[in-house]
Amino acid sequence: MNHVTSQPHAQPRGLAARAVPGLPADFRWGVATAAYQIEGAAAEDGRTPSIWDTYCRVPGMVVRGENGDVACDHYHRMPQDVRLIADLGVDTYRFSLAWPRIQPGGRGPANAKGLDFYKRLLDELEAAGITPWVTLYHWDLPQELEDAGGWPARDTAHRFAEYAALAYDALGDRVKHWTTLNEPWCSAMLGYAYGNQAPGRQDFGDAIRAVHHLLLGHGLAARHIRRAAADRGNELELGITLNLGTATPETDRPEDAEACRRADGMGRRLYLDPLVRGGYPEDVVADLALRDAVLPVQEGDLAVIATPIDVLGVNFYRGTLFSGVTEDGSPVDAEGLPVTRGVERDLPRTAMDWEITPTALTDLLVGLEQDYGVPTVITENGAAFDDTVDADGQVHDADRTAYLADHIAAVAAARAAGADVRGYFAWSLMDNFEWSYGYDKRFGIVRVDYETQERTPKDSAKWYRDTIRLTRGG
């Protein structure tokens, strides 16, 4: 039964699609998803629980107690979903592999049934002429490894490298584009410091240990993949994906400049400096010491972390205005230590209550080019809005269409300013399980009716399709 409501030649209402000047013919266009958010089949074919399966069962942690047991049922509807991707006219599909599906429990041999699913996905993508862009880790740590200490434990980095080796050895002959980690800041800080994502722990010291071990795991995996690709003569484009924003001072006060230094240090430089420059930023290490937090670096770690990458994935959702003082002008501190304060502005917002700041994306990409010089791809960018289904059965999401248009234009502006940006992937292909928000927030350019699993391309999907075609000169 076909569960896709698609109008491949329908024109979206509102904003008209047009070619985006400044984007070259080889610019990569894609859509992105993550395994736990869409696959479902949580206990099928040998998959074991991840930290998200466990976290979703903790009362009060996820909206309405929802979980990813079924999600978008992509595991069973994958061929149909690939046809949906093909109808969008994109050339690339970014998806993640489920660690507990490929290596149940996080140890031991690969699970053939788990690998078979991804091999079938690669078959479908190849038949549709779509390039796979694989992410090895999008937050679904096997629960057994969390029980053994999780990312704050050094052994987890080695377990990740072992899993990455299993995945590459099975799929590397068919996949050129490999991303090790998705958003290690979120894994470390939201998962271990703030406790509002899996595994839900609240220990700042553990979070900082997790930062280092995530990066070490990246480096160990990257080394194996590079060696294996060279031995096989495979083409390889290897990278990592970071969630990045901009830190702008509210005023020219020294306190605000200092607040931005701290925010940029913890959000950007703590990751990119060791990845690209081979060492952690000294000022950030000093900031951490004030909180009795230590990066557990051992001899040789930094060289491993700095294993060369070919591309930096950038997930962008907003830039932030920061201040180092309260609204009444007194210093911002917590437990006697300086902290930053995000300053709210009178700007349009998404359903996540995130400010919409497309020009900040241009600033970010230009700054990354100047500071690190690594080619970039926008691996996620998109917005949740409170979509409604119109009387015609369609979703006329003019707000999301405008969001995409403004941010793609910002990418073109960054290229014009000298940034080597090579692609843009819309987040997300379809509405899905939005982590601690359950199914309450919809990021998709394709609507999913979770009761029937019917897929309906929204106006934003049709606009994106037409924009890609016109920009390519079609």
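Structure: above.
What comes next concerns the included structure. (Residues numbered from 1 in each chain as written. Predicted model: local features only at pLDDT ≥ 70, side-chain atom pairs only at ≥ 80, totals over all residues. Heavy atoms only, no water.)

1. Some details on the sheet that holds strand S2 (residues 92-96)
Ordered in space as S1-S2-S3-S4-S5-S7-S12-S13, the eight strands form a closed barrel in which the pairing is parallel. Neighbour-to-neighbour, the strand axes of the sheet open up by a mean angle of 25°, direction not taken into account. Bridge count between S2 and strand S3 (residues 131-137): five bridges; the pairing is parallel. Paired with Ser96 across the bridge in S3 is Thr135. (Pairing = 2+ DSSP bridges. Helix = DSSP H or I, 4+ residues; strand = E, 2+ residues; numbered from the N terminus. Axes fitted to C-alpha atoms, helices over the stretch in contact; angles between N-to-C directions.)

2. Side note on the nonpolar core
Grouped together as the largest cluster of nonpolar side chains are 137 residues, with contacts concentrated most on Leu97, Trp178 and Tyr464. It is helix H9 (residues 204-232) that contributes the most residues to this core, twelve residues altogether. Setting aside its immediate chain neighbours within four residues, Tyr464 contacts Trp29, Gly30, Val31, Val90, Ile408, Tyr424, Phe425, Ala426 and Ile445. (Core = buried A, V, L, I, M, F, W, Y, C linked by side-chain atoms within 4.5 Å. Buried < 20%, exposed > 50% of the residue type's maximum accessible area, 1.4 Å probe, protein only. Contact = heavy atoms within 4.5 Å.)

3. Structural notes on the environment of Arg159
In this fold, Arg159 is placed in helix H7 (residues 154-171). A relative accessible area of 14% places Arg159 in the buried class. Through-space distance from the C-alpha of Arg159 to that of Arg107 is 6.9 Å; in sequence the pair is 52 residues apart. Non-local contacts of Arg159, meaning those with residues more than four positions away in its chain, are made with Trp99, Gln103, Gly106, Arg107 and Leu145.

4. Focus: the sheet that holds strand S8 (residues 320-323)
What the three strands build is an open sheet, ordered S6-S8-S11; its pairing is mixed. Edge positions in the open sheet fall to strand S6 (247-249) and strand S11 (341-343), since each of these has one partner strand only. For this sheet the average axis-to-axis angle between neighbouring strands, irrespective of direction, equals 50°. Pairing between S6 and S8: three bridges, direction parallel. Bridge pairing in S8 links Thr248 to Leu321.

5. Side note on helix H15 (residues 459-471)
With 13 residues, H15 should cover 18 Å at 1.5 Å per step; its first-to-last C-alpha distance of 18 Å lies within 8% of that length. Burial runs high along H15: eleven of the 13 residues are buried. Where H15 is buried, its residues contact strand S1 (28-32), helix H3 (74-87), helix H14 (398-416), strand S13 (421-427) and strand S15 (454-457). (Expected span 1.5 Å × (residues − 1).)

6. Re the packing of helix H10 (residues 254-277) against helix H11 (residues 282-290)
Running from N to C, H10 and H11 cross one another at 110°; their axes reach a closest spacing of 10 Å. Considering the angle they form, H10 stands roughly perpendicular to H11. Touching Arg261, Arg262, Gly265, Met266, Arg269 and Leu270 of H10 are Asp283, Val284, Asp287 and Leu288, all from H11. When its residues are assigned to classes, the contact of H10 with H11 shows four nonpolar, one polar and five charged. (Parallel < 35°, antiparallel > 145°, perpendicular 65-115°, else oblique. Nonpolar A, V, L, I, M, F, W, Y, C, P; charged D, E, K, R; others polar.)

7. A few points about the pairing of S3
For S3, the buried fraction is high: six of the seven residues fall into the buried class. Bridge analysis of S3 against strand S4 (residues 177-182) gives four bridges, and the strand direction is parallel. When the bridges of S4 are listed, Val134 appears paired with Trp178.

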